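Descriptive analysis of the structure
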Amino acid sequence: MKVGIVMGSDSDLGIMKKAADVLKEFGIDYEMVIASAHRTPEEVKKFVTRLEAEGAIAFIAGAGAAAHLPGVIASFTVLPVIGVPLNATALKGIDALLAIVQMPSGMPVATMAVDGAKNAALFAVQVGAAQNAKLKEQYKTYRDDMAKVVIAKNEKLQAELNTKRFDF
């Protein structure tokens with residue numbers, strides 16, 4: 001099981017590394033490259049074609065500004081493509097968000113929040129969990145652990161509120 005991570009520029013690495021970190025946490029192999037939909041479309045195609053042949057389950061594509069990279073990747077594969085709009089312009093990623101979410105009919109791209117690389121990786125985990133029982137259980141545990149953290153924080157808050165008197 002493998003996921004491809006593509007970004008158009010090395011300036012995107014800080015955000016896209018969050019996707020790699022999540023995939024590592026779940027033990028999912030990934031390959032990460034810098035490739036441009038406009039400047040190196042043949043390299044994008046080679047990467048997507050090779051990873052699909054190697055058993056990739058999904059692609060995560062980070063893109064800013066015009067944000068064509070996720071759509072270009074979708075044109076080269078039938079596998080799920082997860083777009084991460086990046087805050088790369090004066091419009092703070094809203095331009096990229098709108099570009100990615102408006103893919104033409106027949107070329108769907110799952111679209112995350114601006115700079116939402118972590119959720120993109122978790123979505124890829126869910127794609128893998130659909131066909132891998134061990135990964136499905138691992139993801140359930142991850143979600144249960146998140147819930148336990150919230151419950152513990154609330155219990156701490158309630159204890160503080162019940163023992164402290166606030167004078168307003």
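Shown above is the structure to which this text applies.
Structure report, in brief. (Residues numbered from 1 in each chain as written. Predicted model: local features only at pLDDT ≥ 70, side-chain atom pairs only at ≥ 80, totals over all residues. Heavy atoms only, no water.)

1. As for the environment of G64
Our working rule: Helix and strand definitions follow DSSP, with helices as H or I runs of at least four residues and strands as E runs of at least two, each counted in order from the N terminus. Each residue gets one of three labels from its accessible area relative to the maximum for its type: buried under 20%, exposed over 50%, partly exposed in between, using a 1.4 Å probe on protein chains only.
Considering the arrangement of structural elements, one finds G64 in the loop between strand 3 (56–63) and helix 3 (69–76). Residue classification places G64 among the partly exposed positions, given a relative accessible area of 22%. The spatial distance from the C-alpha of G64 to the C-alpha of K92 is 9.0 Å, given a sequence separation of 28 residues.

2. Concerning the side chain of T77
Under the convention used in this document: Pairs of N or O atoms are called polar contacts if they sit within 3.5 Å, as long as, within protein, a hydrogen donor faces a hydrogen acceptor (for residues adjacent in sequence, only side-chain-to-side-chain pairs).
Examined against the element boundaries, T77 turns out to sit in the loop between helix 3 and strand 4 (81–85). A distance of 3.0 Å separates a polar side-chain atom of T77 from the backbone nitrogen of L79.

3. Let's talk about the nonpolar core
We count it as follows: To form a nonpolar core, buried Ala, Val, Leu, Ile, Met, Phe, Trp, Tyr and Cys residues must be joined to one another through side-chain atoms within 4.5 Å. What makes two residues a contact is simply this: any of their non-hydrogen atoms within 4.5 Å.
Formed by 29 residues in total, the largest nonpolar core has its most connected members in M16, L23, F26 and I60. Broken down by secondary-structure element, the contributors of at least two residues to this core are strand 1 (2–7), helix 1 (13–25), strand 3, strand 4, helix 5 (117–129) and helix 6 (133–163). Element by element, the count of residues in this core is highest for helix 5, at 8 residues. In contact with F26, not counting residues within four places along its chain, are L122, V125, L135, Q138, Y139 and Y142. In this structure, L51, A61, I73 and V81 belong to the second largest nonpolar core, which totals 19 residues.

4. Structural notes on the sheet that holds strand 3
Formally: Here a strand pair is declared whenever DSSP counts at least two bridges between the two strands. Helix axes use the C-alpha atoms of the stretch in contact, all axes being lines fitted to C-alpha atoms, and the angles between their N-to-C directions lie in the range 0 to 180 degrees.
Strand order in this open sheet of 5 strands is 2-1-3-4-5, and the pairing throughout is parallel. Here the strands that pair on one side only, and so sit at the sheet edges, are strand 2 (29–34) and strand 5 (110–111). As paired elements, strand 1 and strand 3 share 6 bridges and run parallel to each other. By the bridge assignment, V3 is partnered in strand 3 with A58. Lying on the sheet, helix 4 (residues 94–101) is in contact with strand 3, strand 4 and strand 5; it crosses strand 4 at an angle near 160°.

5. Describing the packing of aromatic side chains
Rules: Paired rings are identified among Phe, Tyr and Trp, the last through its six-membered ring, by centres lying within 6.5 Å, and are further divided according to the angle between planes into stacked (under 30 degrees), edge-to-face (over 60) and tilted (the rest).
Using the criterion set out here, one finds 4 aromatic pairs in the structure. Judged by centre distance (6.1 Å) and plane angle (50°), the ring pair of F26 and Y139 falls under tilted. Note that F26 is positioned in the loop between helix 1 and strand 2 and Y139 in helix 6, a separation of 113 residues in sequence. Given the relative accessible area of 11%, Y139 is considered buried. A ring pair is formed by F47 and F59, whose centres lie 6.4 Å apart and whose planes are at 70°; its orientation type is edge-to-face. You can see F47 sitting in helix 2 (residues 41–53) and its partner F59 sitting in strand 3, a full 12 residues away along the chain. Accessibility classification places F47 together with F59 in one group, the buried group. An aromatic cluster of three or more residues is present, and its members are F26, Y139 and Y142.

6. So, the pairing of strand 1
Our working rule: Crossovers are described as right-handed under a simple rule: with the strands pointing away from the observer, the path leading from the first strand over the helix to the second runs clockwise.
Of all 6 residues in strand 1, 6 are buried; the element is thus mostly enclosed. Neither face of strand 1 is open: one carries K2, G4 and V6, the other V3, I5 and M7, and all of them are buried. Taken together, the 6 bridges between strand 1 and strand 2 define a ladder with parallel strand orientation. Across the sheet, the residue bridging to V6 is V33, located in strand 2. Viewed along the sheet, the connection from strand 1 through helix 1 into strand 2 turns out right-handed.

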